[in-house]
Amino acid sequence: MNPKIQTALIGCGRRGRLHTAGMLQDPRYDIVAVCDIDLDAAKKLTADFGLDNAKIYTSYDRMLDEVRPELVVQALWPQHRLAVYKSCVKYGVKHMVSEKPFADNFGDARELRRLALESDCRLSYTHQRRFSPANRKVRELLAAGAIGDVTRADLYAYRHLLDCGTHTLDQLWSYLGDIPVSRVYGSLELEGSVRWFDVPGEGSFAGTVIYENGLYGSIFAGLGEKRPEQSGVTLYGTKGYMELGWEGKLYNYASLDMQSELAELASWSDGDCCGDNIALMWRYLADCRDSGDDVLDNNEINWRHAYNAVEVIFALYESVRTSSSVKLPLEGVDGNPLKEIIARK
């Protein structure tokens with residue numbers, strides 16, 4: 001039997017607490033240390049979850065140096081992704097699992113990608129909606145030909161792209177595989193813009209995503225009020241269509257060959273669709289670790305998916321900034337083009 005996964009948590013706020021609850025449902029995780037600049041938040045988390053033996057820190061560098069965990073869970077704002085990952089590499093951490101989005105600027109994203117390729121520290125991101133039971137079922141139905149060949153997709157996020165669009169882009173890839181994007185076009189509205197995790201977010205967005213296999217996608221943020229759910233995807237195929245929420249809830253559909261199978265999925269409750277997707281994600285990662293290095297290296301939430309999503313998002317912003325289409329891979333961008341758009345307004 002493999003030893004328990006010695007785990008350290010960085011960030012004891014809402015997301016850190018959700019991940020703690022998910023990991024504690026699997027006995028293979030042993031949370032040995034937690035860290036937050038707010039000492040009271042760290043103490044409260046350990047008390048609330050009964051982590052009596054976990055060490056408490058306010059410096060993640062000190063924690064990583066003294067504890068040397070196998071796994072680090074990073075639940076901080078996106079500005080800190082790169083610095084924490086560099087420390088994980090420095091102190092011999094085997095795997096860092098981070099909150100999304102990948103990074104708040106494309107220069108950091110490229111450096112994270114370089115380190116992930118060159119270091120011995122694995123990097124994954126919490127696109128937990130891949131593990132919602134209904135999304136897993138949608139994947140099975142599509143593979144069985146429920147709507148034939150998918151030729152078009154409408155992608156919706158209820159707020160700005162960097163925070164929420166990453167989930168929607170990943171939802172499509174989770175269904176259809178990692179289809180590369182060849183070109184994007186974008187437009188946005190700044191009215192209603194926000195700062196989310198101290199990163200700017202547009203008020204609304206509309207764009208086009210062209211995939212290399214010919215799939216045509218439209219992407220929207222803050223414009224889904226007339227859908228049954230403001231986030232999710234609508235898939236159009238040669239034999240039908242499916243209108244889906246983020247967790248795989250099927251709202252409207254038609255199928256030439258599998259209408260009854262889609263009707264069964266449409267009957268699932270919201271709870272059935274979502275399940276405890278965070279706990280399911282952590283169980284999956286523990287299974288991958290037990291299965292060996294090759295499986296863990298290529299786990300379903302490895303860094304490549306989140307990197308692909310943030311590259312598309314920054315390309316969409318760059319399309320707005322330059323008033324032109326943008327080809328991928330994205331070149332000539334180091335920062336966040338949305339910041340430049342806001343600055344010149």
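Scope of this entry: the structure provided in the associated data block. (Residues numbered from 1 in each chain as written. Predicted model: local features only at pLDDT ≥ 70, side-chain atom pairs only at ≥ 80, totals over all residues. Heavy atoms only, no water.)

Right, let's get into the packing of aromatic side chains. Tallied over the entire structure, the rule returns 14 aromatic pairs. Ring geometry for Phe102 against Tyr307: centres 5.5 Å apart, planes inclined by 75°, an arrangement best described as edge-to-face. You can see Phe102 sitting in the loop between β5 (95-98) and α5 (106-118) and its partner Tyr307 sitting in helix α12 (residues 303-322), a full 205 residues away along the chain. Across the pair, Tyr307 and Phe102 agree in class, each one buried. Arranged with centres 6.2 Å apart and planes meeting at 75°, the rings of Trp303 and Tyr307 form a pair that is edge-to-face. Note that Trp303 and Tyr307 are positioned in helix α12 at a spacing of four residues, about one turn of the helix. Accessibility expressed as a relative area gives 7% for Trp303, which makes it buried. Judged by relative accessible area, which is 7%, Tyr307 ranks as buried. (Phe/Tyr/Trp six-rings, centres within 6.5 Å; stacked < 30°, edge-to-face > 60°. Helix = DSSP H or I, 4+ residues; strand = E, 2+ residues; numbered from the N terminus. Buried < 20%, exposed > 50% of the residue type's maximum accessible area, 1.4 Å probe, protein only.)

Grouped together as the largest cluster of nonpolar side chains are 83 residues, with contacts concentrated most on Phe102, Tyr211 and Leu235. Tallying contributions element by element places α12 first for this core, with twelve residues. The residues contacting Leu235, other than those within four sequence positions of it, are Leu142, Ile147, Val150, Arg152, Ala153, Leu172, Tyr175, Gly240, Tyr241, Met242 and Leu244. One finds Cys12, Ile278, Leu285 and Cys288 within the second-largest nonpolar core, a separate group that totals 24 residues. (Core = buried A, V, L, I, M, F, W, Y, C linked by side-chain atoms within 4.5 Å. Contact = heavy atoms within 4.5 Å.)

Taking 1.5 Å as the rise per residue, α12 with 20 residues should run 28 Å; its terminal C-alpha atoms sit 28 Å apart, in good agreement. Most of α12 is tucked away, with 16 of its 20 residues classed as buried. One or two steps after α12, the chain reaches Ser323, where phi turns positive at roughly 55°. (Expected span 1.5 Å × (residues − 1).)

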